[in-house]
Amino acid sequence: MIGLISATAAGAAVRDRLAAAWPDRTRVYEGPVGDAVRTAFAQCEQLVCFLATGAVVRLVAPLLSGKTEDPGVVCVDEGGRFAVSLLGGHAGGANELAREVGDLLGAEPVVTTATDAVDMAGLDTLGLPVEGDVAGVSRALLDGEAVALRAEVAWPLPPLPVTDEGPYTIRLTDRLVETAEREVVLRPPTLVVGVGASKGAPVEEVLGLVEDALREAGLSVASVAELATVDAKAGEPGIVEAARRLGAPLVTHSAEELAGVDVPNPSDAPLAAVGTPSVAEAAALAGGGELLVPKRKSAASPAMATCAVVRRPGRGRLAVVGLGPGARDLLTPRAKAELRRASVLVGLDQYVDQIRDLLRPGTRILESGLGAEEERARTAVEEAREGQAVALIGSGDAGVYAMASPALAEASDDIDVVGVPGVTAALAAGALLGAPLGHDHVSISLSDLHTPWEVIERRVRAAAEADLVVTFYNPRSRGRDWQLPKALGILAEHRTPATPVGVVRNASRPDESSRLTTLGALDPATVDMMTVVTVGNTATRDIAGRMVTPRGYRWQAAQEGAE
């Protein structure tokens, strides 16, 4: 919950805008400001104070406990001009909250955290448990000193300016190790603990067994990703509470699924009880991985719990990102977030140039020229399989005549794949032309590089007969100048010469141009590969210089009747 505190009518007016926008996230604290701040500080994860920063400093200073316990605090001036991250920038989420508040109120976010100031991922913002000299190693990264990354397990991290050797170290491990001087230890969630238990097994027995097994194997409890068991034990109180205390989700599998998992230590007892010869080992191994701790029983007599521990390999992450048609303000916030998250960027050189300034320091860029789509897709998938966080970029929407298709053809289920939608060229062109896509429409590429012309022609003819609005991608190039006239001729067999046609070149870019013509008047020689051609259907009209396709044919009948 976010506590909102103000002292004046002007501050309350800005406060109420935030409260109205976030009714489920915020709570307004009334009364004397000092009392309101103290109460909200104790009850909320974050505070937004519509007060002077100096006043907030004096009010919260006596309340501070530590950076991992204190809520994040943001100050907003009474004019709503600035949103200042004052306390708990990383641990309390105040930096991100300041940006969110700024977006909502039209205020300028003010973030002074050193790593954020230079656009470097903070070691305490990676979503992983972190131990050791966070401040010292972060300062070394900021100062450009050599910081070595020792990755004992593969895990997709955002870009960091690290080296192979150096006096400072970032250690990525699930092993139970003490942090050395000038070292930070990151704990990736690589461990799956399979658990079996008799009915009524006490939580202390289940939890003690798990903790002992991890400690004796030299593994960190902070790297436990999940507790896993059979469906029949999904509500077993001792298992449920053990998962809660470990802060790990409880994942269950059917007995049939577990019975199909090959395990080293099957038993007749669980087979008779729940229908599978193994619970602990099978549940731990259900998602694959390396068995680090074979089935072991608790020390109680009789033993009421069993467990096994598996290390799952770190899964690389491939984000297939659509950059939109070119304009920066048409690049989605989600796309920007994925670009900042990626440690490896793969893309066409001219697209890389569009967003190079958005990348974090340390991002490895793998760029290539035109005509290497399959190679880029393979490269991106290979990097993800090495455990990297990869962004593969394309123009428009990555799934429309772009990189998603070849990348997913290469990828298997050994990596995580995320699709990030983008504004397509057809949509950007449509917005310039008016509303040409108001009814059913289709996009067809006229390039026969990957598709035989016979197939393209059949699709154009089908679209013509179905009276669909048609957007032509890749309409004409120097070496391919006959396909567009041929396609237009097919459409002309079913539509009048007066049918509106929109021609848009470089939509949303600085040199964009658009014009409205007709099917009979369009000169194909004025079209190139940077152009999108949209041909209306029989209902499409030129209204005040705008291309409009009505949402239904009743509109057309009414128009014709009026004429």
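Here the structure is shown first, and the text comes after it.
Residues numbered from 1 in each chain as written. Predicted model: local features only at pLDDT ≥ 70, side-chain atom pairs only at ≥ 80, totals over all residues. Heavy atoms only, no water.

J.: What is the right way to read the overall build of the protein chain from this model?
T.: Within the protein chain one finds 19 helices and 28 strands. Across its three principal directions, the C-alpha atoms of the protein chain cover 90 × 70 × 55 Å. Looking at the protein chain residue by residue over its 563 residues, the buried ones come to 47%. Look at the contacts in the protein chain between residues 6 or more apart in sequence, and 64% of them connect residues 24 or more apart. Here the protein chain displays about 25900 Å² of accessible surface, and carbon together with sulfur accounts for 51% of that area. Both charge centroids of the protein chain, one from 53 positive and one from 74 negative side chains, sit 2 Å from each other. (Helix = DSSP H or I, 4+ residues; strand = E, 2+ residues; numbered from the N terminus. Buried < 20%, exposed > 50% of the residue type's maximum accessible area, 1.4 Å probe, protein only. Contact = heavy atoms within 4.5 Å. Areas by Shrake-Rupley, 256 points an atom, 1.4 Å probe, with all protein chains shown as cover. Lys, Arg positive; Asp, Glu negative; His and termini not counted. Charge placed at Lys NZ, Arg CZ, Asp CG, Glu CD.)

J.: Help me understand the sheet that holds strand 23 (residues 469–473), please; the structure alone is not making it clear to me.
T.: The strands making up a sheet are joined through hydrogen bonds of the backbone, oriented either antiparallel or parallel. Here we have 5 strands laid out as an open sheet, ordered 22-23-26-24-25, and mixed in their pairing. In this open sheet, the two edge strands, each paired with only one partner strand, are strand 22 (441–445) and strand 25 (513–518). Sheet twist, expressed as the mean angle between neighbouring strand axes with direction ignored, is 20°. Pairing of strand 24 (residues 500–505) with strand 25, which is carried by 6 bridges, proceeds in the antiparallel orientation. Within strand 25, the position partnered with Arg505 by the bridge is Ser513. In this fold helix 16 (residues 425–433) packs onto strand 22, strand 23, strand 24, strand 25 and strand 26 (531–535), with an angle of close to 115° to the strand it touches most, strand 24. Taken strand by strand, helix 18 (residues 483–492) contacts strand 23 and strand 26, and its axis lies near 175° from that of strand 23. (Pairing = 2+ DSSP bridges. Axes fitted to C-alpha atoms, helices over the stretch in contact; angles between N-to-C directions.)

J.: Would you take a moment to explain the pairing of strand 11 (residues 191–197) for this structure?
T.: The side chains of a regular strand alternate, first on one face of the sheet and then on the other. Taken across its 7 residues, strand 11 has 7 buried, putting it largely inside the fold. In strand 11, alternate side chains face the same way, and those of Leu191, Val193, Val195 and Ala197 on one face and Val192, Gly194 and Gly196 on the other are all buried. Two strands pair when backbone bridges link them, and strand 11 and strand 12 (residues 224–230) are joined in this way by 4 bridges, in the parallel orientation. Counted as the bridge partner of Val193 is Leu227 from strand 12. One crossover worth recording links strand 11 to the parallel strand 12 by way of helix 7 (residues 203–216), and it is right-handed. Taken together, the 7 bridges between strand 11 and strand 15 (residues 305–311) define a ladder with antiparallel strand orientation. Its bridge partner being in strand 15, Val195 is matched across the sheet by Cys307. (Right-handed = clockwise from strand over helix to strand, strands pointing away.)

J.: In this structure, what is going on with empty space enclosed by the protein? I would like to understand it.
T.: With a probe scaled to a water molecule rolled over the atoms, the places where space remains empty come into view. Applying the stated criterion across every chain, the model contains 1 cavity of 30 Å³ or more. Along its surface, the largest cavity is lined by Arg317, Ala319, Glu338, Arg341, Ala342, Ala389, Val390 and Ala391. Elements that contribute at least two residues to the lining of the largest cavity include exactly strand 16 (317–322), helix 12 (333–341) and strand 19 (389–394). Ranked by the residues each element gives to the lining of the largest cavity, the list is headed by strand 19, at 3 residues. Here the lining of the largest cavity is composed, by residue class, of 5 nonpolar, no polar and 3 charged. (1 Å grid on protein atoms, 1.4 Å probe; cavity = no way out; pocket = protein on both sides within 12 Å on 5 of 7 lines; lining within 4 Å. Points joined across faces, edges and corners; volume = space filled by probe spheres on them. Nonpolar A, V, L, I, M, F, W, Y, C, P; charged D, E, K, R; others polar.)

J.: Explain the nonpolar core here, please?
T.: Inside soluble globular proteins, nonpolar side chains tend to come together where they are buried. Formed by 24 residues in total, the largest nonpolar core has its most connected members in Val193, Val195, Val206, Val210, Leu214, Leu227 and Val309. Looking at this core, the elements that each hand over two or more residues are strand 11, helix 7, strand 12, helix 8 (237–246) and strand 15. A per-element tally of this core places helix 7 first, with 7 residues. When neighbours within four sequence positions are excluded, Val193 is seen to be in contact with Val210, Leu214, Val224, Glu226, Leu227, Ala228, Cys307, Ala308 and Val309. Residues Ile456, Val470, Leu519 and Val535 belong to the second largest nonpolar core, which totals 21 residues. (Core = buried A, V, L, I, M, F, W, Y, C linked by side-chain atoms within 4.5 Å.)

J.: Explanation requested: helix 14 (residues 373–385) in the structure shown.
T.: Side chains of residues three or four places apart in an α-helix project in the same direction, reflecting 3.6 residues per turn. Taking 1.5 Å per residue, 13 residues should reach 18 Å; helix 14 reaches 19 Å between its end C-alpha atoms and fits that length. Of all the residues in helix 14, the buried ones are Arg376, Ala377, Ala380, Val381, Glu383 and Ala384. Projected onto a plane normal to the axis of helix 14, the buried residues spread over an arc of 160° and lie on a single side. Gly387 sits one or two positions beyond helix 14 and adopts a positive phi of about 90°. (Expected span 1.5 Å × (residues − 1). Arc of directions from axis to C-beta.)

J.: Just to check I follow, could you spell out unusual backbone geometry for this structure?
T.: With the exception of glycine, the majority of residues adopt a negative phi angle, and the majority of peptide bonds are in the trans configuration. Omega for the bond connecting Ser301 with Pro302 falls within 30 degrees of zero, at 0°, which places this linkage in the cis form. With respect to the helices, strands and loops of the structure, Pro302 is situated in the loop between strand 14 (290–297) and strand 15. The backbone phi angle of Tyr401 is positive, close to 50°, even though this residue is not glycine. Examined against the element boundaries, Tyr401 turns out to sit in the loop between strand 19 and helix 15 (404–410). Unlike most non-glycine residues, Asn506 shows phi in positive territory, near 50°. Locating Asn506 in the fold gives a position in the loop between strand 24 and strand 25. Among the residues examined, Asn506 registers a relative accessible area of 8% and is labelled buried.

J.: Explain the sheet that holds strand 7 (residues 130–132) to me, please; I cannot follow it from the model alone.
T.: Taking strand neighbours across the sheet as the criterion, the 4 strands line up as 7-10-9-8 in an open arrangement whose pairing is mixed. The open sheet is flanked by strand 7 and strand 8 (147–151), the only strands paired with a single partner. Across the sheet, the mean angle separating the axes of adjacent strands is 20° when strand polarity is ignored. By the bridge criterion, 3 bridges tie strand 7 to strand 10 (residues 183–186) in an arrangement that is antiparallel. Within strand 10, the residue paired with Glu131 across the bridge is Val185. Here helix 6 (residues 134–142) sits on the sheet in contact with strand 7, strand 8, strand 9 (168–172) and strand 10, set at roughly 115° to strand 9.

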